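An overview of the molecular structure
One letter stands for each residue in the lines below.
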Amino acid sequence: MPGPQGSAGLAAGARGMASTVVTEADTALAAGSGDVPVLATPRLLALAEAATVAAVTPQLAAGQTSVGTAARLEHRRASPVGTLVTAEAELTGIDGPRLSFAFTAWQDSDVARPGDRDPATVIAAGTIDRVVVDRAAFLARATRPPG
């Protein structure tokens, strides 16, 4: 079992997915990241991060979690309200507690065909880094007053 800062229970290749149907609350207009009613880049990044969490959480020891530390996202295509968007993340590297992921996000061209991954439906790709931490210790540090 991994120690408080370890990731011994994880293996490269672990995958996770997260999906959402774009709502008005997910748009750039609502997020303040633009003035158009399409999926906001920050919301897309949150979906990709949810996929990374899904990839590793089942393998973490009790009391552990992972926190995001870096992200690179290329948002290639707009997704209007009502579009089903799915992100899939793959754990590509492990260096002690540090985890590296690659992700792809796509929109289903027809909700009746979930999982349609025609290249024309890919809306984003990128990388995310996370670190495995002891949840209680992390929260204690995060809530400690500065100084």
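Notes on the structure in this doc start here.

Reading guide: rules and limits
- Residues numbered from 1 in each chain as written.
- Predicted model: local features only at pLDDT ≥ 70, side-chain atom pairs only at ≥ 80, totals over all residues.
- Heavy atoms only, no water.
- Helix = DSSP H or I, 4+ residues; strand = E, 2+ residues; numbered from the N terminus.
- Buried < 20%, exposed > 50% of the residue type's maximum accessible area, 1.4 Å probe, protein only.
- Contact = heavy atoms within 4.5 Å.

Moving on, we come to the overall build of the protein. Looking only at helices and strands, the protein has three helices and five strands in total. Listing each helix as α and each strand as β along the protein from the N terminus yields β-α-α-β-β-β-β-α. The 147 residues of the protein split such that 37% are buried. Long-range contacts, defined here as pairs at least 24 residues apart, represent 72% of the contacts in the protein between residues at least 6 apart.

Here the focus is the environment of Gly13. The residue Gly13 is located in the segment before strand E1 (15–21) in this model. We classify Gly13 as partly exposed; its relative accessible area is 34%. Separated by 80 residues in sequence, Gly13 and Gly93 place their C-alpha atoms 8.6 Å apart. In contact with Gly13, other than residues within four places in its own chain, are Glu90 and Leu91.

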